[in-house]
Amino acid sequence: MTVTKQFIAVMVMAFVTYIPRVVPLVIFKRKIKSRFIRSFLSYVPYAVLGAMTFPSILYSTQHLYSAIAGLIVALVVAYFDKSLIKVAVSAILTVYIFELLG
């Protein structure tokens with residue numbers, strides 16, 4: 001690949017990643033006054049994060065049942081307001097034990 005093609009590729013990637021950041025600023029110039037839309041938009045980051053991480057959780061181990069066990073343990077530990085480190089370590093240990101047994 002020549003230097004010119006590399007430069008064009010970098011510029012196209014920069015443009016494509018720049019568009020989603022600019023479009024909301026152009027569309028919503030004023031403050032959003034609708035409580036429904038503001039409430040809806042407040043949940044978007046959590047929905048996107050869940051959609052990105054959930055499939056990775058299920059396919060990160062050798063067996064599906066160990067991934068599900070780790071997920072359940074992580075959810076239970078997180079429900080009781082434990083720290084992120086405790087949630088992660090408990091899920092990792094659960095997966096490790098299930099993988100040893102399976």
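Here, every reference points to the structure presented above.
It should be emphasised that the depicted structure is a prediction, and the values quoted were computed from it without experimental measurement.

Draft legend 1. Inspection of the packing of helix α3 (residues 44-58) against helix α4 (residues 64-79) at higher detail. Contact geometry of α3 with α4 gives a least axis separation of 8 Å together with a crossing angle of 130 degrees. Accordingly, the angle class assigned to the pair α3 and α4 is oblique. On the side of α3, the interface is formed by Phe54, Ile57 and Leu58, while α4 contributes Leu64, Ala67, Ile68 and Leu71. Split by residue class, the contact of α3 with α4 holds 7 nonpolar, no polar and no charged.

Draft legend 2. Molecular detail of a nonpolar patch on the surface. A grouping of Phe7, Ile8, Val10, Met11, Val12, Met13, Phe15, Val16, Ile19, Val23, Ile27 and Phe28 is seen on the molecular surface, where their side chains present a nonpolar patch of about 1200 Å² in accessible area. Its place among the elements puts Met11 in helix α1 (residues 3-27).

Draft legend 3. Summary view of the packing of helix α2 (residues 35-42) against α3. At a closest axis distance of 4 Å, the pairing of α2 and α3 adopts a crossing angle of 30 degrees. As judged from the angle between their axes, α2 and α3 are roughly parallel. Contact with α2, carried on its side by Phe40, Leu41 and Ser42, involves Val44, Pro45 and Tyr46 of α3 and no other residues of that element.

Draft legend 4. Region of interest: the packing of aromatic side chains. Under the criterion given, the structure shown has 2 aromatic pairs. Pairing Tyr65 with Phe98 gives two aromatic rings, centres 6.3 Å apart and planes at 55 degrees, and the pair type is tilted. Of this pair, Tyr65 sits in helix α4 while Phe98 sits in helix α5 (residues 84-101), and the two are 33 residues apart along the sequence. According to the relative accessible area criterion, Tyr65 is partly exposed, its value standing at 40%. For Phe98, a relative accessible area of 34% gives the class partly exposed.

Rules used throughout
- Along each chain, residue indices are assigned from 1 in the same order as the chain's sequence is written.
- The predicted origin of the model limits local features to residues at a pLDDT of at least 70 and limits the giving and counting of side-chain atom pairs to 80 or more, whereas totals for whole chains, interfaces and linings rest on all residues.
- Heavy atoms from the whole structure form the basis of all side-chain values; hydrogens and water molecules are not counted.
- Axis lines are fitted to C-alpha atoms, over the contacting stretch for helices. Their N-to-C directions set the angle, which ranges from 0 to 180 degrees.
- Strands here mean DSSP runs of E at least two residues long; helices mean DSSP runs of H or I at least four residues long; both are numbered from the N terminus.
- Roughly parallel refers to an angle under 35 degrees, roughly antiparallel to one over 145, roughly perpendicular to one between 65 and 115, and oblique to any angle outside these ranges.
- It only takes one pair of heavy atoms within 4.5 Å for two residues to be counted as in contact.
- Polar here means any residue outside two lists: the nonpolar Ala, Val, Leu, Ile, Met, Phe, Trp, Tyr, Cys and Pro, and the charged Asp, Glu, Lys and Arg; Gly therefore counts as polar.
- Here, patches come from residues exposed beyond 30% relative accessible area and free of salt bridges, joined within 9 Å for like charges and within 5 Å for nonpolar side chains (Val, Leu, Ile, Met, Phe, Trp, Tyr).
- The protein chains shown are the only cover counted for residues, whose accessible areas, like all others here, come from Shrake-Rupley with a 1.4 Å probe.
- Think of a salt bridge as a Lys or Arg side-chain nitrogen and an Asp or Glu carboxyl oxygen that are within 4 Å of each other.
- Pairing of aromatic side chains here covers Phe, Tyr and the six-membered ring of Trp, requires ring centres within 6.5 Å, and sorts the geometry by plane angle: under 30 degrees stacked, over 60 edge-to-face, intermediate tilted.
- Between buried and exposed lies partly exposed: a residue is buried under 20% and exposed over 50% of the maximum accessible area for its type, with that area taken using a 1.4 Å probe on protein chains only.

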